[in-house]
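Examining the three-dimensional arrangement
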Amino acid sequence: MKKLFINFSVLLLSTAVALLIAEFGARVFLNASDFLSLEVVNDDILGAVPSPSAMAGFDKWGFRNRRVPESADIVAVGDSHTYGNTARMIESWPYVLGKLTGRQVYNMGLGGYGPNQYFYLSKTKALSLRPRMIIWGLYMGDDFEGAFSLTYGLDHWAYLRKLPPQKVDPDVWEVPPADTRGKRIRVWMSRHSVLYQLIFHSGFGGHLTGEVQIKNAAQLYPGIATSLIVPEKNIAEAFRPKGMLTRLDQENPDIREGMRITFELLKEMNEICQQNHIEFVVTVIPTKEMVFSDYLENNSKIPLDDVINKLLVNERYARQQTFQVLRDSHIAYVDPLPELKKDVSEGLYARSAGDMHPNKNGYRVIAEAIAATLKQENGKN
């Protein structure tokens, strides 16, 4: 028994050492921000900021860049679609835009952020980089809801309120408490171990699980998700239209108020940029449902078709209102929707039924649309 105990202890120790060496090697050769889940802490102005313990792979400001430069040609401000969820740092649209244009682009995107955070970060940190251009990545999927939640949830933004006072929770980052010890361990590992993420989420196992989820989304998430399978067009995608509809529903006064707040912040940011001789550009990023609308709309063969139809009607209205405000305010904007719709067969989104973010292909298309618009505008000038 003594010999068995010693052998078992040696095995455990050697395994632990091997795992530590593998984790160290992964962090040396890979960018930790490409794999780790980002932990955030509360903030009275921004709602949340990256936790000091979760800064591996991020710059000193907590954003997804190799470093904070003294100056930048372009600062991209946005949410998880600008941050580049489901893709590597070098595959996010701000990084790809820099490669396409030859300009230095600083990425100031973070998951959960919305127009209020875009405005505050642009007015403070972005201006300090003396950029020639600031680009907001305005996401149709939840930015209006985010503007409402932060304005009515944090006192710093009370000056923007028009509706009667009400209790609103601004914390869109709140994660449901882990109900089991195993889940708590998995959450901790996802935030602190590159090796864990590589094995369980970024490798073949994660890809296989994603494909199964996509093909069986309606059965796995009844009443929440649905699938679109068009083999002849190389389309196999999952959607979660119910959640998207709640964030764009024009019958909801909170969403309409969020739109008003967003438009006010856009106008004010444009004035600030003009005063500082900075070009202000807004990229209007559509929902996944809008990108696939040619295949989803009025398609009674797929579950939740009524929800999808209503979502598309509401998003079109929101897009029209947004574009009208941008035109009336003389704010330059980019609409990547036509290019995304053109490339729907190229696998533009994460291979999952739980994550509706673009993947590297989708971010590339967005970057190309922005680069083409900037080139066209430079040609006019």
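The structure we're discussing is the one just above.
A brief look at the structure comes next.

About the cut-offs
Residues numbered from 1 in each chain as written. Predicted model: local features only at pLDDT ≥ 70, side-chain atom pairs only at ≥ 80, totals over all residues. Heavy atoms only, no water. Axes fitted to C-alpha atoms, helices over the stretch in contact; angles between N-to-C directions. Helix = DSSP H or I, 4+ residues; strand = E, 2+ residues; numbered from the N terminus. Left-handed = near helix turned anticlockwise from the far one by under 90°. Contact = heavy atoms within 4.5 Å. Nonpolar A, V, L, I, M, F, W, Y, C, P; charged D, E, K, R; others polar. Core = buried A, V, L, I, M, F, W, Y, C linked by side-chain atoms within 4.5 Å. Buried < 20%, exposed > 50% of the residue type's maximum accessible area, 1.4 Å probe, protein only. Pairing = 2+ DSSP bridges.

Relative to each other, helix H10 (residues 241-248) and helix H14 (residues 305-328) sit at 35 degrees, their axes nearing to 9 Å. Relative to H14, H10 is oriented so that their crossing is left-handed. Here Pro241, Lys242, Met244, Leu245 and Leu248 of H10 lie close against H14, whose contacting residues are Val307, Ile308, Lys310, Leu311, Asn314, Glu315 and Ala318. The residue inventory of the contact of H10 with H14, partitioned by class, reads eight nonpolar, one polar and three charged.

Moving on, we get to the nonpolar core. By size, the foremost hydrophobic cluster in this structure holds 94 residues, and its most contacted members are Trp93, Leu97, Ile134, Trp136, Leu266, Phe280 and Phe292. Setting aside its immediate chain neighbours within four residues, Trp136 contacts Val77, Pro115, Tyr118, Phe119, Ser122, Leu265, Leu266, Met269, Phe280, Val281, Val282 and Thr283. By size, the runner-up hydrophobic cluster in this structure holds six residues, among which are Ile214, Ala225, Ala238 and Ala353.

Bringing unusual backbone geometry into the picture now. Positive phi values are uncommon outside glycine, yet His277 reaches one of about 55 degrees. Relative to the helices and strands, His277 is located in the loop between helix H11 (253-275) and strand E8 (279-285). Accessibility expressed as a relative area gives 74% for His277, which makes it exposed. Although it is not a glycine, Leu304 sits at a positive phi angle of roughly 65 degrees. Inspection of the secondary structure puts Leu304 in the loop between helix H13 (293-296) and H14. Its relative accessible area of 16% is what places Leu304 among the buried residues.

Here Gln213 is to be found in helix H8 (residues 204-215). Given a relative accessible area of 18%, Gln213 falls into the buried group. Non-local contacts of Gln213, meaning those with residues more than four positions away in its chain, are made with Leu220, Tyr221, Ser352, Ala353 and Gly354.

Moving on to the pairing of E8. Counting buried positions over the seven residues of E8 gives six, a clear majority of the element. Relative to E8, strand E5 (residues 133-139) is paired through seven bridges, and the arrangement is parallel. Along E8, the bridge assignment pairs Tyr139 with Ile285. Where E8 and strand E9 (residues 332-334) come together, three bridges link them in parallel fashion. The residue bridging Thr283 from the neighbouring strand is Val334, located in E9.

Geometry only, nothing functional implied.
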